[in-house]
Amino acid sequence: MPKPPVDPNKVVVFSGAGISAESGIDTYRDQDGAWNKVNPELVASKRAWEKHPGNVLSFFNERQKAVIAAQPNAAHYAVQKLEEKFEVVVITQNVDDLHERAGSSDILHLHGSLSQARGDSPEAVPFERGIAPIELGDRDDDGYQLRPHIVLFGEDMLHAEEARQHFLTAGKILVVGTSLSVYSAAGLLKKGRFEADKVIVSFDVQKVPFGYHLVRGKATEMVPVVVDDWLARADA
Ligand code: OAD
């Protein structure tokens, strides 16, 4: 099947935990990251949810508390600023709502969102849960235990096909603050087209994918630099 045309005016921003680190939310795999403090198999896997749902709820309730206390930072605001000149789709692995609070208008959460809950059944429809924690015994209208609308290890990434199409058609791709170690999400980068501008801002990544240029540095410092460059070149 022929590939769809690339739209030079379209930007995909692909973000991970590093974009929110300077807002005070722990990443997962850095030295002080969440997965160096707790075993994800015990608190964030499908199996953990089946065996010890209370552990899963308390882990994500704590993450949500950190998110509620946090504010968007200069990197989230710079991503929003791209909308002055480009059609922007933010595709995020993050479960926080800092892109929303910075004003970005088109956001896909590949791993779900802490601000949403759903009943523990395949048909359940996610809903905005507000800021209250979810406790064991909290149920939806059909009597199912509530859970955060988060993709646990062993569950499928959300919005996979939509995200792929956005990567295929983007004229510019900006990847921020992800180790690229969770494959279904990281594999999307391969869909970026040869002729697209492709930049990664991060301290480090597992492996720089072909055609991407790695800018090592803090998201709050380097994302505004890349954004201002792209906006200036859109004027030229
Ligand atoms: P990781 O913790 O794996 O990676 C964070 C990346 O951000 C690392 O490469 C850091 O070098 C970089 N970083 C940290 N602080 C930064 C800063 N201030 N500026 C720039 N870069 C910085 O987080 P993710 O790649 O997002 O999934 O992890 C992917 C998924 O793994 C998460 O969505 C989560 C986790 O298991 C689920 O919970 C389903």
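Summary of the structure given here. (Residues numbered from 1 in each chain as written. Predicted model: local features only at pLDDT ≥ 70, side-chain atom pairs only at ≥ 80, totals over all residues. Heavy atoms only, no water.)

Observations concerning the sheet that holds strand β5 (residues 127–128)
The line we're drawing: Being paired, for any two strands, means DSSP has found at least two bridges between them. Secondary structure follows DSSP: runs of H or I at least 4 residues long count as helices, runs of E at least 2 residues long count as strands, and numbering of each begins at the N terminus.
With respect to topology, three strands assemble into an open sheet ordered β5-β4-β6, the strand pairing being antiparallel. If you trace the sheet from one side to the other, it starts and ends with β5 and β6 (146–150), each paired once. Pairing analysis gives five bridges linking strand β4 (residues 112–119) to β6, with the strands arranged antiparallel. When the sheet's bridge partners are listed, G112 is paired in β6 with I150.

Description of the nonpolar core
Quick reminder of the rule: Take the buried residues of types Ala, Val, Leu, Ile, Met, Phe, Trp, Tyr and Cys, join any two whose side-chain atoms come within 4.5 Å, and each joined set is a nonpolar core. To sort residues, take the accessible area from a 1.4 Å probe on protein chains only and compare it with the maximum for the residue type: under 20% means buried, over 50% means exposed, and anything in between is partly exposed. Domains are outlined according to an automatic or database domain assignment.
With 23 residues, the main nonpolar core has W35 and F60 as its most contacted residues. At the level of elements, α3 (46–51), α4 (53–69), β4 and β6 are the ones that each hand at least two residues to this core. Sorting elements by how many residues they give to this core places α4 first, with five residues. If you count residues domain by domain, this core takes at least three from each of domain 1 (1–25 + 72–111 + 156–236) and domain 2 (26–69 + 117–150). Counting 22 residues, the second-largest nonpolar core is a separate cluster that includes V88, I107, V215 and V226.

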